[in-house]
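Each chain, written out:
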Amino acid sequence: MPYNLKVTRQKQSGFFADCSRQEFERRLGRLREEMERSGVDGLLLTQQTNVRYATGFYEVGWIVPAYFYMAFIPGKEDLPPAVFCPEGCQIQAEAAWVETVIRWDFPVGFYTGSVGDSLVQAAASWLRKLGLSRARVATELSAHFRMGLSVECFDGIRAALPGVGWVDCGEIMWAVRRIKSPEEVRRLREACRISCLGVRAGFEAMSEGMTERDIANVMSARMHAEGGSQIHFLALYAGPDRALWADSTPRREMVLGQGSLLQFDGGCTYDGYFADFKRFACLGEPTADQRRGFEIAKASEEAAIEAVKPGANLGEVYEASQQVIRDAGYPDFVDWCQSVGWSGIGHSLGLDIHEMPGISIGSRTRIEPGMVLCIEPFFYHRGGYPLWEVSNKYGLEDVVLVTETGHEILTPESIISRDIWMA
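Note that the structure is predicted; figures quoted are calculated from it, not measured.

## So, the sheet that holds strand E4 (residues 82-86)
The mixed open sheet is built from 7 strands, whose spatial order is E1-E5-E4-E3-E2-E6-E7. Two strands bound the open sheet, and with one partner strand each, they are strand E1 (6-9) and strand E7 (165-168). Going across the sheet, the axis of each strand differs from the next one's by a mean of 25°, ignoring polarity. Note that strand E2 (residues 42-45) and strand E6 (residues 136-139) share 2 bridges and pair parallel. Within E6, the position partnered with Gly42 by the bridge is Val137. Across the face of the sheet, helix H5 (residues 170-177) comes into contact with E2, E6 and E7 while running at roughly 85° to E2.

See below:
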């Protein structure tokens, strides 16, 4: 039986859209340029941040996993981009700049039951309608994406379109998303400012007897009070007992005492855009060994930041950071890290906390104005390894905007120092 494709032409679009119409059209044009360059006929986007970036569509309904919002962006300008949403949710799709909405039916049981095959049929029917049943379509297949579909649904779409060749969309998406527009930079700058204020408030409140979670709550409260949107990642861990539990959840069981070396990593989002930086605090005086380890890590980060300028490549940024550690007397530490693959010192930042390109050994990716990079080289206590057997880890992280002539640090010392905060 032929599938009854439900297509809505929205009466209005861009109602509370996540970006301006001009920004949407710029992104759409750039995506189509990259599709043509890559020999791709269309983009099937399912990851929330990719759909948000490409269409301006963002609503809280994303929190329900079974809603499966999607977007399809054809490469040809005479074919309309479309958003897919469950029947009944099309009113939310007015937030997108895309005017075409494809509705699919939930089976009996609504979102408490299975999704059924309506979404599969809707996607396959739409591509056939566009004449793309034998096209080359890119979607989120690589490690740096999280597809917003179940395996069952995606397998169903592929089976329903046996003539389609599926490829990863990373080459296309990251080529566009890596260069931030002025509007994106404004949001990133604000996320960084708010996050810095929050971390400073937590460090100012730090006292003996507080727990990791107590301090994290102070930080979070200040970030929200300053206008932060959400906090997806706030890692806080105190040494010596948890000095190597990097990226860990603040614990109410971990009580700070004299000599606790506290490490923060993360930040809040502002209108979807992340801050991600690292700072250290100590309850009392750090030991001489701790201070030396921290200063090596700090000098390594400073050298990496100094290497950020248009025309350089990201591999040069990595090498600048590691040369500092070698010159400090720890070439074996660098060599061992490289031998086990620990040879990345940062990443790009935007709607996702880790974006591509990354900053790693041998990268020939050219640095361009508009990139926003998180630079975070690390050093372990006394240059020890293997890493999981060492007593402490040191490292700063800052958010760096590439400008036409060099760079700008978006996590400034004017708000919170890059030295160890002494409480």
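## Overview of helix H9 (residues 314-327)
For H9, spanning 14 residues, the distance from its first C-alpha to its last is 20 Å, which sits close to the expected 20 Å at 1.5 Å a residue. Within the sequence span of H9, burial applies to Leu314, Gly315, Val317, Tyr318, Ser321, Gln322 and Ile325. Taken around the axis of H9, the buried residues stretch over an arc of 160°, which confines them to a single face. The secondary structure elements touched by the buried residues of H9 are helix H8 (288-306), helix H10 (331-339), strand E12 (344-348), strand E13 (355-360), strand E14 (372-375) and strand E15 (379-380). At the N-terminal end of H9, a side-chain oxygen is found 3.1 Å from the backbone nitrogen of Gly315, two or three residues along, and the residue is Asn313.

## So, the environment of Leu373
With respect to the helices and strands, the residue Leu373 is situated in strand E14. According to the relative accessible area criterion, Leu373 is buried, its value standing at 0%. Along the sequence, Leu373 and Pro250 sit 123 residues apart, while their C-alpha atoms lie 26 Å from each other. Sequence-distant contacts of Leu373, defined by excluding residues within four places in its chain, comprise Val308, Leu314, His347, Ser348, Ile359, Asp398, Val399, Val400 and Val402.

## Remarks on the packing of helix H6 (residues 182-205) against helix H7 (residues 212-225)
Running from N to C, H6 and H7 point in directions that differ by 145°, and their axes come no closer than 8 Å. The two elements H6 and H7 cross, and the hand of that crossing is right-handed. Side by side, H6 and H7 meet where Ile194, Ser195, Leu197, Gly198, Val199, Ala201, Gly202, Phe203 and Ala205 of the first sit next to Ile215, Val218, Met219, Arg222 and Met223 of the second. Here the residues of the contact of H6 with H7 sort into 10 nonpolar, 3 polar and 1 charged.

## Focus on the sheet that holds strand E18 (residues 407-409)
Ordered by their spatial adjacency, 5 strands build an open sheet running E13-E12-E14-E17-E18, and the pairing between neighbours is antiparallel. Two strands close off the open sheet at either side, each with one partner strand: E13 and E18. On average, each strand axis in the sheet is tilted by 30° relative to the strand beside it, whichever way the strands run. The sheet contact formed by E12 and E14 spans 3 bridges and is antiparallel. Opposite His347, over in E14, you have Cys374 as the bridge partner.

## Details of the environment of Lys298
Structurally, Lys298 can be placed in helix H8. On the accessibility criterion, Lys298 (11% relative accessible area) is buried. Each C-alpha atom, one on Lys298 and one on Gly311, is 24 Å from the other, the two residues being 13 residues apart in sequence. Other than its neighbours up to four places away in sequence, Lys298 contacts Leu396, Arg418 and Asp419.

## Observations regarding the pattern of salt bridges
Applying the stated criterion across every chain, the model contains 34 salt bridges. For Asp352, the salt bridge goes to Arg177, with nearest N and O atoms at 3.0 Å. Placement of Asp352 in the loop between E12 and E13 and of Arg177 in helix H5 is noted, with a sequence separation of 175 residues between them. With a shortest N-O distance of 2.7 Å, Glu355 and Lys180 are connected by a salt bridge. Taken together, the residues span a long stretch of sequence, with Glu355 in strand E13 and Lys180 in the loop between H5 and H6 at a distance of 175 residues. You can call Lys180 buried: its relative accessible area is 7%.

## Re the nonpolar core
The biggest cluster of nonpolar side chains holds 102 residues, and the ones touching the most others in it are Leu43, Leu45, Phe72, Phe84, Met219 and Phe264. Here this core takes 9 residues from H6, the largest share from any one element. Other than its neighbours up to four places away in sequence, Met219 contacts Gly198, Val199, Gly202, Phe203, Leu234, Leu236 and Phe264. The next biggest cluster of nonpolar side chains, apart from the first, holds 20 residues, and it includes Cys282, Ala297, Trp336 and Phe378.

Thresholds applied
Residues numbered from 1 in each chain as written. Predicted model: local features only at pLDDT ≥ 70, side-chain atom pairs only at ≥ 80, totals over all residues. Heavy atoms only, no water. Pairing = 2+ DSSP bridges. Helix = DSSP H or I, 4+ residues; strand = E, 2+ residues; numbered from the N terminus. Axes fitted to C-alpha atoms, helices over the stretch in contact; angles between N-to-C directions. Contact = heavy atoms within 4.5 Å. Expected span 1.5 Å × (residues − 1). Buried < 20%, exposed > 50% of the residue type's maximum accessible area, 1.4 Å probe, protein only. Arc of directions from axis to C-beta. Polar contact = N/O pair within 3.5 Å; in protein donor to acceptor, adjacent residues only side chain to side chain. Left-handed = near helix turned anticlockwise from the far one by under 90°. Nonpolar A, V, L, I, M, F, W, Y, C, P; charged D, E, K, R; others polar. Salt bridge = Lys/Arg side-chain N within 4 Å of Asp/Glu carboxyl O. Core = buried A, V, L, I, M, F, W, Y, C linked by side-chain atoms within 4.5 Å.

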